[in-house]
Each structure stands twice: as structure tokens, then as C-alpha cells.
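Okay, here's what each chain looks like letter by letter:
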Amino acid sequence: MFSTVLPDVLIQGWALQLSPELASRAQFGWTISVHIIFASLSVGLAPFIVYFTWKDVRTDDERFTRLRSFWVKVFAAGFVMGTVTGIPMSFQFGTNFPQFAEVAGELIGGPLAFEAKMAFFLEAVFLGVLLFGQERVSDRTYILSSVLVGVGAWLSAFWILIVNAWMQTPQGFEMITRNGMEVAKLTDPLAAFFTPRMPWMYVHMVNASVISVALLVAGVSAYIVWKKRDAAAWNTALKLAVIILLVTAPLQAVHGDAYGRHVADTQPQKFAAMEAHYDTGTADLHLLAFPKSIDAITDPKAENLFTVSLPGVGSFLATGGDFDAEVLGLNEYEENPPVAIVFWSFRFMVGLGFLFIGLALWGGYLIYNRRLSESSRFLKTMIAASPLGYAALLTGWYVTEIGRQPWVIQDELRTSEAVSSTLSGSEATLTLVGFVVIYIGLILVALHVLRWLVEDELRALGVKVSDDDRWYGPVPKVSDDD
């Protein structure tokens, strides 16, 4: 009896205050937040794996052998973690959002099945070749395996984003009554798969993944170079990561600007939430915003903030050229998304995006002057910046998903209508707590694996990592001068 009463005791008071909808949304949001880190690791790391494998096989250069071996192991660890964290999401459709699964099943079932059978298995099979088959297959087949692993990762993102893009800008269907319930019937597969949002979302998400991994590669490389300046392989990796950032970071800013106009055209409520634009009329662009009080954080109306704004530029961005254009405000809608989360997430994402451009230019300048590995300030900065790509990616995802509320399918199905009618708040909250605890454990495991791989690499380079290590000689002293 004690075992059946204890859970009720633990969730008394605070837990029961969470509604089934809020707890289910938090649970799915937390699950996908962790999963997307590992999924984007596979997507962003794919081009690095292809390049390192190709250079290793073609040149037989020890630098690329070392880099291929290291990053394939990281890819494999991320793939395993992505699988473990991703599988529960499909079950959450049934346990937490069965009405959504019933309404949209005909539209989302196909792409999700394609993702599993076409992309996941392709990636899994040829990742095995990358890990264990170098001595068992030809050089050409080994290089091809790296390409197919990358294709699998990018195809996986393609099919998943088809589903999400359809939820943002649904088309290619009609609502019919089936067994007394309104459901979506697929009428045009091409229109449903290639919605107006799909190309924007795919390019932006893939590029964000590459940026995130480039920062991770740069951070790991900078740390190893900081410990051992003459580590040739890691100097090469650091240079490559900076060059990729020089291309991808500005591209993300340019693409994001155009993407914002598309959002204004297709989801004006989300666009208004991104700028906390309440009153219909000319919209300003808030470059910087500082809360004047605690209330301003949770209710970011312009009068509650100290802002550095560009008058009319919000209208200009929404229309592509008209500073005086009218932009619908949030007051025009009966229900709005949590504006504060969308508003601050958008600013955090954009601010980090410009930071990445600055880091890329700084690194490019050092490459031009052949001082990339000599600047301790740059190395330390890149070490500190290594997780920030994922922070930008996650906050961008929050803008996309939370900004769509109260709709789970834009203008067709509300989130409140998609939640299970038999799920209690205590049940949803208890499982939410369980997912938080378990996924934090998985994150810690992943970080431990990465740390173990880095320390093993340092030992292989002759750097003493701990007091238990055999002494390899002094770590080269580095200067703080640029």
C-alpha cells in the first residue's frame, strides 16, 4: 500500500497545479530539446566526417586518420543518444496527444515511416562500416560509406521537417468526418510534403546544425591546441572549423532575414510575438531590449522595456521594403503564445548569430596572419563558445514551436484539443519529472563520453591529463599575448 500512496504524496500540492496540457507540452518540449542536440550533431557532423574520411583515405595523412577516428566515435555516440532520446517521442503522440495523432495520422505517418526505414537504417548500416569496416572494404567503398552516413543524417532531418513544416503551414489535405471525428485526409502528397515552410525550415535547420558542430569542433580543437600547440591534426581541424563558420554564420543571417518575411506572411501572429508587437500599425525593430522590472521579463511590452529600436524597420522586414506598412498586433487575437519566451528566445538566437559572425571574422583574420594557434585569447574564447551553437539552435526552435501556439496544426487544431482527455495532471506531471531526471542522466553520460575521448586524445599526444598518468614531459607553456 505504501508504494501506491507514495507517488500521490510526492505530487500533492505543486504537481497537481500543472494541467495535463501544460505538463504534456513541457514533457514533449523537454524531450525534443534533448533529442535535437544529438540529432543536429549527426546532421552537422556529417560533412566533417565525409571530408576527414576522404582526406584520410586519399592522402594517408596521420592528421586526418586521427581526426576521422575521433569524430566518427563522437558521431556514433551522438547517434546512439539520438536514437535513445528520440524513440519516446513517437509514443508520446499516443500517450499525451492522441487527438493530434488521430487527426493528422494520415499526413504525418508516411514521412515518419520514411524517416525510420529510409534514413535511420541507411545511417545505421553504413555507420557500422565506418566504425568497423575499414580493413574489410575497399577504399572507394569506405569513402562511400561516409557519404551515405551523411545522406542518411540529412534525409532524416528532411522527413522530420516535412512533418513539422506541414504543422506550420498545412496544405494538401481536406478535413472529413470519420467515425464521428474531424480528421485530415491526404489529397495531394506533393503539396503536403513540400509546404511553403519546408525549404525555409530545412535550409535554416541544417545550416544551424553545421554552425553548432563547427563551434563544437572549434572548441574541442582549441582546447587540445591550447594544451599542445604543435598538435598538427587539431590545428588543421581548428582552421577548417573557422573556415566553415566564415561561410555558414553570415549565410544564416541572410537566410534568417528572408525567413522572417516568410513567417510574417504565413504566421503573422508568430511574427508579432517575436517583436512583442501588440498594437496594429507600424512595427519597430528592437535591436536590444533590457527589462526595467521583473514584470517586464514575463510581459515584454515596449513600455516595460528599455529598448534600442529602429523605427519602422519591423515593418520593413515584414514586407521587404515598406517602412510604413501595417503589421497586425497581438491585440487582434483572442489567444496568444507565451510572448515572453518567444520574444527573448528570438533576441538570444539573433544575438548569438551575430556573435558567431564576429568569431568567424576574428578567426579568419588570425588565419590570414598565420597566428590562429598562437592567440590564447581566441583559443579560450572558442572553448567557451563551443556549446553556444546549440543554445542558438534550441532558442530558434523555441521561437518556431512556441510561437505557433495555441495551434498544434496552424489554424486547424489547437494544442488544448490535441491532449488526451483521459490524462490527469498528476500523471502527466509525474512522467514529466521522470523524463527530466532520465534525460539529464543521458546528457551527463554524453558529456562524460566526450570528455573521455578528449582526454584519451591528449594522452595519445603526450599530454599529462591527471596525476595517475605516466609523465610525458611538461605541457608547453602558452602566452596570453595575441
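Scroll up to find the structure this text is about.
What counts, and where the lines are drawn
Residues numbered from 1 in each chain as written. Predicted model: local features only at pLDDT ≥ 70, side-chain atom pairs only at ≥ 80, totals over all residues. Heavy atoms only, no water. Helix = DSSP H or I, 4+ residues; strand = E, 2+ residues; numbered from the N terminus. Contact = heavy atoms within 4.5 Å. Core = buried A, V, L, I, M, F, W, Y, C linked by side-chain atoms within 4.5 Å. Buried < 20%, exposed > 50% of the residue type's maximum accessible area, 1.4 Å probe, protein only. Salt bridge = Lys/Arg side-chain N within 4 Å of Asp/Glu carboxyl O. Phe/Tyr/Trp six-rings, centres within 6.5 Å; stacked < 30°, edge-to-face > 60°. Axes fitted to C-alpha atoms, helices over the stretch in contact; angles between N-to-C directions. Parallel < 35°, antiparallel > 145°, perpendicular 65-115°, else oblique. Left-handed = near helix turned anticlockwise from the far one by under 90°. Nonpolar A, V, L, I, M, F, W, Y, C, P; charged D, E, K, R; others polar. Patch = residues over 30% accessible without salt bridge, like charges linked within 9 Å, V, L, I, M, F, W, Y side chains within 5 Å. Areas by Shrake-Rupley, 256 points an atom, 1.4 Å probe, with all protein chains shown as cover. Lys, Arg positive; Asp, Glu negative; His and termini not counted. Charge placed at Lys NZ, Arg CZ, Asp CG, Glu CD. Pairing = 2+ DSSP bridges.

A. How the structure looks around the side chain of Thr248. Among the secondary structure elements, Thr248 is positioned in helix α8 (residues 232–266). Other than its neighbours up to four places away in sequence, Thr248 contacts Asn207, Val210 and Ile211.

B. Geometry of the nonpolar core. Counting residues in hydrophobic clusters, the biggest one holds 61 residues, and the most contacted among them are Leu45, Trp71 and Trp234. No other element matches helix α7 (residues 198–227), which puts 11 residues into this core. In contact with Leu45, other than residues within four places in its own chain, are Trp71, Val74, Phe75, Val213 and Val217. Core analysis: the next-biggest nonpolar cluster, separate from the first, contains 60 residues, Ala192, Tyr259, Ala276 and Ala296 among them.

C. A look at the pattern of salt bridges. Taken as a whole, this structure holds 12 salt bridges when the rule is applied. One salt bridge connects Arg414 with Glu335, and the closest N-O pair in it is separated by 2.6 Å. Of this pair, Arg414 sits in strand β6 (residues 413–414) while Glu335 sits in the loop between α11 (313–319) and α12 (339–368), and the two are 79 residues apart along the sequence. Given the relative accessible area of 40%, Glu335 is considered partly exposed.

D. Molecular detail of the packing of aromatic side chains. Scanning all chains against the criterion turns up 25 aromatic pairs. A centroid spacing of 6.2 Å and a plane angle of 50° characterise the contact between Phe48 and Phe52, whose relative ring orientation is tilted. Of this pair, Phe48 and Phe52 both sit in helix α2 (residues 20–59), four residues apart, which is roughly one turn of the helix. Both residues of the pair, Phe48 and Phe52, belong to the buried class. Centre to centre, the rings of Phe79 and Phe120 are 5.3 Å apart; their planes meet at 15°, and the pair counts as stacked.

E. Layout of the packing of α7 against helix α13 (residues 376–385). Where α7 contacts α13, the two axes come as close as 8 Å, and the packing angle between them is 135°. Comparing their axes, α13 and α7 come out oblique. Crossing geometry of α7 relative to α13 is assigned as left-handed. Between α7, through Leu215, Ala218, Gly219, Ala222, Tyr223, Val225 and Trp226, and α13, the contact on the second element is made entirely by Leu379, Lys380, Met382, Ile383 and Ala385. Across the contact of α7 with α13, the residue classes break down as 10 nonpolar, one polar and one charged.

F. How the structure looks around a negative patch on the surface. On the surface, a cluster of negative charge is contributed by Asp279, Glu303, Glu326 and Glu332. Asp279 sits in the exposed class, given a relative accessible area of 55%.

G. Seen up close, a nonpolar patch on the surface. Taken together, the side chains of Leu287, Leu288, Phe290, Phe306, Val308 and Leu310 present a nonpolar region at the surface, about 520 Å² in accessible area. Counting only elements with at least two residues in the nonpolar patch, the list comes to β3 (285–291) and β4 (305–310). Mapped onto the elements, Leu310 comes out in strand β4.

H. Summary view of the pairing of strand β2 (residues 181–186). Note that strand β1 (residues 173–178) and β2 share six bridges and pair antiparallel. Bridge assignment links Met175 to a residue of β2, and that residue is Ala184. Connecting β1 to the next strand, β2, in antiparallel fashion are two residues, including Asn179 with a positive phi near 55°.

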